Amino acid sequence: MLKAEKRHGLGCRAYDRAHTKCTCPYQAIGMLNGAFVRRSLKTSSYERAVALIRDWETAGAVKEEKPIPIEEAVAAYMRDVGARNVQRDTKQKFHTLIEERLLNFARKRGYPRLKDLNLHAVTEFRITWPDAPATAQKNIERLRNFFRFAMDREWCTSNPASKLNVRVVVQQKDPFSAEEFDRILEATHLYGDGHWRTGQANAGELRALVLVLRFSGLRISDAVKLERTQLIRGAGGDGFGLLVEQQKVRRSVYIPLPDGRDGLPDVVGALLGLPST
Ligand SMILES: [Zn+2]
């Protein structure tokens, strides 16, 4: 029969084992399977201590809790991310944060076990991020998700990332004014090729890109990947637009483009005028 008893540390002012209002850990003391046992339970929670003792008594032996190595926890988590139906760039973001940054950080600082990553460690980890505030905020959420995954599997008892401060200032940026946009467009006419010549094909491409960005609202990463086949005639037969696959919602969207009418620039003409390569 085992019982849970407080084992007060040197810094603790309680001398009585019955005193339980400190953070000192419990120990298991008594007979287990015919042998005397006195072993720390490594917890200051009475409920957890009693649960562990019950486990040991059921098993008839002291069950050493082997702390999970960070690498194992990360590998299991990444397998789960891989199995979830998430987008490729989302997976990539988890890979960068958890599999690259976190593992590198743990190796450099000499943290082999997941439980070494306490609030202090994750705070230090966060300081190493080069991210802009909005990205950092997303990454804190990803880190919390990782620790939630670990907590659900009882690899750690708390989520150290939950206390990371997410309050960040995201600066609102004003769009370019009409005047600024005109100057950007004008600059494409001054843009030279490799031989200081203006008015060449590269300048035309740049101008088409600027116009598409302005009038389609596409992100630059999507705009540079547009294919010629995505420029199609509108349903009514009037004018042209871009057929764009929206990754997030997995559906196609038709974005009409101005073609020189109504006092708007000829974006369609700029695109059609590009050399096909
Ligand atoms: Zn104590």
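Residues numbered from 1 in each chain as written. Predicted model: local features only at pLDDT ≥ 70, side-chain atom pairs only at ≥ 80, totals over all residues.

J.: For this particular structure, what's the right way to read the domain arrangement of the protein chain?
T.: For interface size, the figure often reported is the accessible area lost on association. When the domains of the protein chain are assigned, the result is domain 1 (2-59), domain 2 (70-163) and domain 3 (178-272). For domain 1 and domain 3, the distance between their C-alpha centroids amounts to 71 Å. (Domains from an automatic or database assignment.)

J.: Before we go on, may I ask you to explain the sheet that holds strand S5 (residues 240-246) in this structure?
T.: In a beta sheet, neighbouring strands are held together by backbone hydrogen bonds and run either parallel or antiparallel to one another. Ordered by their spatial adjacency, 3 strands build an open sheet running S4-S5-S6, and the pairing between neighbours is antiparallel. The two strands at the open ends of the sheet, each matched to only one other strand, are strand S4 (231-233) and strand S6 (251-256). Across the sheet, the axes of successive neighbouring strands diverge by a mean angle of 40 degrees, strand direction being ignored. The pairing of S5 with S6 spans 6 bridges and is classified as antiparallel. Directly across from glutamate 245, in S6, lies its bridge partner serine 252. (Pairing = 2+ DSSP bridges. Helix = DSSP H or I, 4+ residues; strand = E, 2+ residues; numbered from the N terminus. Axes fitted to C-alpha atoms, helices over the stretch in contact; angles between N-to-C directions.)

J.: How do you make sense of the pairing of strand S3 (residues 35-40) when you look at a structure like this?
T.: Sheet faces and side chains relate simply in a regular strand, where the side chains alternate between the two faces. For S3, the tally of buried residues reaches only 0 of 6 residues, placing the bulk of the element at the surface. Across 6 bridges, the pairing between strand S2 (residues 26-32) and S3 is antiparallel. Note that in S3 the partner of isoleucine 29 across the bridge is arginine 38. The antiparallel hairpin formed by S2 and S3 contains 2 residues in its connecting segment, where asparagine 33 sits at a positive phi of about 55 degrees. (Buried ≥ 20, exposed ≤ 12 C-beta atoms within 10 Å, placed from the backbone.)

J.: Help me understand the packing of helix H3 (residues 88-109) against helix H5 (residues 133-152) in this model?
T.: Working note: a packed helix pair is described by the angle between its axes plus the distance between those axes. At a minimum axis separation of 10 Å, H3 and H5 run at an interaxial angle of 75 degrees. By the angle class used here, H3 and H5 are roughly perpendicular. Contacts from Lys93, Phe94, Leu97 and Ile98 of H3 reach H5 at Asn139, Arg142, Leu143 and Phe146. Class assignment of the residues belonging to the contact of H3 with H5 gives a composition of 5 nonpolar, 1 polar and 2 charged. (Parallel < 35°, antiparallel > 145°, perpendicular 65-115°, else oblique. Contact = placed C-beta atoms within 7 Å. Nonpolar A, V, L, I, M, F, W, Y, C, P; charged D, E, K, R; others polar.)

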